[in-house]
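In case you want the letters, here they are:
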Amino acid sequence: RSLAAAAAGARSQAREGGGRGDAMDELDGPLRVYGRRREPVCKAAVTGRRRRQEARESKIEAAGVAQDMALDVAALLQARSGIAALVGLAETAMLRLKSTGAHIGPVAHRIAELVGGAAHQVGWTVHELFAKLLVPTLAAMRSPKSRAFGVVLAAGKVLWATENWPDLDQQRVEGVAEVVTAHFFSGPDLTTGAWLVAHLRLEAYFVFEDLFTALRQNMQAFRIYCANAPAQMQRRMLHRLLECTDGLERRQRREILSIGADLITLCKLDREEFPMVARYKAINWMCYMVHKVPWWVAEDYAHGDTELLSLCVDQLASAGRIEDSILLFRRHEQELVGRLPPAVLLRLQAAAPPCESAAASTADRFAPRDPEASVALALPEGSVIWADTEELIQEAVSAVRASLVVGVDLEWSALGDWLDCSLALLQVAVCDRVFLVDLAAPSPAVRDAVDALLRAILATPRPLVLCFAFRNDLRELARSPWAACCKELRGLCDLQMLGDEERAASGDADGFVGRGLAALVARTLGRPLCKAEQRSCWHRRPLRAAQLHYAALDAFVLLQVGAAIAGRPLAEAEAVADALEQRLAA
């Protein structure tokens with residue numbers, strides 16, 4: 001992009017009055033200090049209307065100041081006078097702004113317009129503009145620093161464009177690198193130095209270890225550099241940062257690993273390249289999940305890993321869930337004896353065995369955890385078909401095409417904010433069977449068969465497909481190998497919508513309370529749906545009997561609820577489908 005084009009772009013934005021100075025908002029850079037409105041001490045004292053009015057007035061004020069700005073082009077030809085002219089221009093503009101929190105976006109864009117246009121007139125390239133004027137001006141404004149420093153830096157960000165860098169003039173780049181090293185690699189100015197090194201591609205003119213050591217002093221600067229550096233330097237910096245964890249205390253090590261995880265996500269690096277960070281995230285996630293799920297679900301997520309299992313036992317004991325802790329410990333006692341803290345181990349070994357009722361309630365069986373109080377699958381266990389071959393999935397396709405109404409659900413495992421969720425199971429219920437289709441690691445033949453099944457379900461008006469909050473399932477489908485199957489949807493009946501209409505008609509609509517499937521099942525069938533396995537590890541193979549029951553019930557109960565809403569028995573599938581379609585049309 002030429003300087004003329006950059007100036008034109010800055011001119012158009014300045015005329016529009018600017019915004020919140022988006023060009024300056026990169027990774028909490030130096031402009032957080034100089035360019036942002038400071039929040040009032042008492043937020044409750046300032047209403048939203050007053051804030052919006054103040055923002056509008058600030059933009060108008062800044063735009064008015066920006067339009068009156070001018071720059072002596074001839075002054076740019078001399079180093080000292082050019083720097084002085086630019087400093088004076090920015091300082092004058094800031095003094096004219098009445099409020100200290102005024103938006104500096106329009107002023108920054110106006111300065112970029114003037115400087116870019118002047119440089120174009122005198123024949124400077126963008127590299128000469130940065131080397132002769134912008135970087136030296138920023139160095140000169142370091143002490144004493146004012147809000148004008150942030151305006152000049154923001155103007156530089158407006159004029160910067162990816163395609164212009166790196167500069168091929170080695171001598172000129174060396175001079176810029178010397179200025180940056182001398183003025184921006186100490187104290188609070190390190191964030192500005194990090195931005196300049198990354199965007200002006202100055203890495204080659206620094207010894208890597210010196211650059212790393214300097215950036216390591218300020219993790220904000222380290223983040224800014226890594227976020228904008230070339231991919232090779234991002235990986236090298238991160239590997240070097242992780243090497244610093246050796247010999248550190250637990251808290252310091254945890255802080256570095258947390259920063260590393262954030263940078264890997266921010267820079268979109270290959271997570272498998274950093275197993276130490278992946279392990280840290282797995283441990284953190286287990287520390288959270290063990291308090292949110294039953295102990296047997298946490299055991300599934302541990303996948304037999306003794307460190308994670310010992311962590312679960314320790315966390316459960318610390319939270320006062322002694323019976324759960326003992327039950328999990330007794331299942332893996334031989335492996336965990338040497339890994340648990342001595343105090344926790346003595347406490348568990350001295351504790352009385354769990355009562356028979358507690359052990360019985362956690363026994364794995366094809367039934368809900370509380371069968372006397374919850375809805376159970378109204379089909380025998382033999383009617384639940386595990387479909388993990390092409391032939392069995394084709395059988396599911398035939399059953400769907402022969403049905404007038406089907407229930408459909410999807411399961412995936414929640415793996416925290418580090419590992420992306422992936423589909424694990426597709427449940428398809430017809431009146432006499434439920435197919436549990438394995439999606440965890442399909443072969444090419446199975447993948448094609450699943451594609452045909454999904455098209456038979458989603459791309460035809462009949463059978464009528466009963467689902468619940470299906471937008472979440474569609475979101476996961478859109479990230480899967482079967483994303484194309486959810487582009488044209490036909491014949492869907494989301495029971496959540498019909499349930500909301502019923503609640504509104506009965507005067508029982510109270511926001512999002514009671515909008516889940518369990519509440520709808522309780523209202524229509526008279527008994528709640530047991531959700532103990534809701535957050536199960538659905539990628540476990542084989543699934544436990546309780547998981548199989550939960551997955552099958554989640555799809556089949558949709559047929560039962562649909563029939564109850566339609567007011568017809570499930571055996572009259574055509575009448576059920578017609579009644580629900582009429583409700584949808586109304």
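Going by the structure above, here's the rest.
About the cut-offs
- Residues numbered from 1 in each chain as written.
- Predicted model: local features only at pLDDT ≥ 70, side-chain atom pairs only at ≥ 80, totals over all residues.
- Heavy atoms only, no water.
- Phe/Tyr/Trp six-rings, centres within 6.5 Å; stacked < 30°, edge-to-face > 60°.
- Helix = DSSP H or I, 4+ residues; strand = E, 2+ residues; numbered from the N terminus.
- Buried < 20%, exposed > 50% of the residue type's maximum accessible area, 1.4 Å probe, protein only.
- Lys NZ or Arg CZ within 6 Å of the ring centre and 35° of its normal.
- Core = buried A, V, L, I, M, F, W, Y, C linked by side-chain atoms within 4.5 Å.
- Contact = heavy atoms within 4.5 Å.

Trainee: What is the right way to read the packing of aromatic side chains from this model?
Mentor: Think of a pair of aromatic rings as described by two things: how far the centres are apart, and how the planes are tilted against each other in angle. The final tally for this structure, using the stated rule, is seven aromatic pairs. Considering the side-chain rings of Phe208 and Phe212, the 6.5 Å spacing of their centres and the 20° angle between planes classify their relative orientation as stacked. In this pair, Phe208 and Phe212 are both assigned in helix H10 (residues 208-216), four residues apart and thus about one turn of the helix distant. An identical accessibility class is assigned to Phe208 and Phe212; each is buried. Following the ring pairs from residue to residue traces out a cluster consisting of Phe208, Phe212 and Phe222. Here the basic side chain of Arg236 rests over the ring of Phe208, its NZ or CZ set 3.9 Å away from the ring centre. Of note, Arg369 hangs over the ring of Trp296, and the distance from its end group to the ring centre comes to 3.9 Å.

Trainee: What's the story with the nonpolar core in this structure? I'm lost.
Mentor: Inside soluble globular proteins, nonpolar side chains tend to come together where they are buried. If you look at the biggest cluster of nonpolar residues, it comprises 81 residues, and the most contacted ones within it are Tyr225 and Met237. Once residues lying within four places of it in the same chain are set aside, the contact partners of Tyr225 are Ala194, Val197, Ala198, Glu203, Leu211, Leu215, Met233 and Met237. Val405, Leu495, Leu517 and Leu559 belong to the second-largest nonpolar core, a separate cluster that totals 43 residues.

Trainee: So what exactly am I meant to see when it comes to unusual backbone geometry here?
Mentor: For residues besides glycine, phi is generally negative; the peptide bonds are generally trans as well. The linkage connecting Trp165 with the following residue, Pro166, adopts the cis geometry, with an omega of 10°. Relative to the elements of secondary structure, Pro166 occurs in the loop between helix H7 (147-159) and helix H8 (170-183). The residue after Arg462, namely Pro463, is reached through a cis peptide bond having omega 10°. Here Pro463 shows up in the loop between helix H22 (444-458) and strand S5 (464-467). Positive phi is not limited to glycine here, since His303 has a value of about 55°. Assignment of secondary structure puts His303 in the loop between helix H15 (295-302) and helix H16 (306-318). For Ala469, which is not a glycine, the phi torsion comes out positive at approximately 50°. With respect to the helices, strands and loops of the structure, Ala469 is situated in the loop between S5 and helix H23 (470-478).

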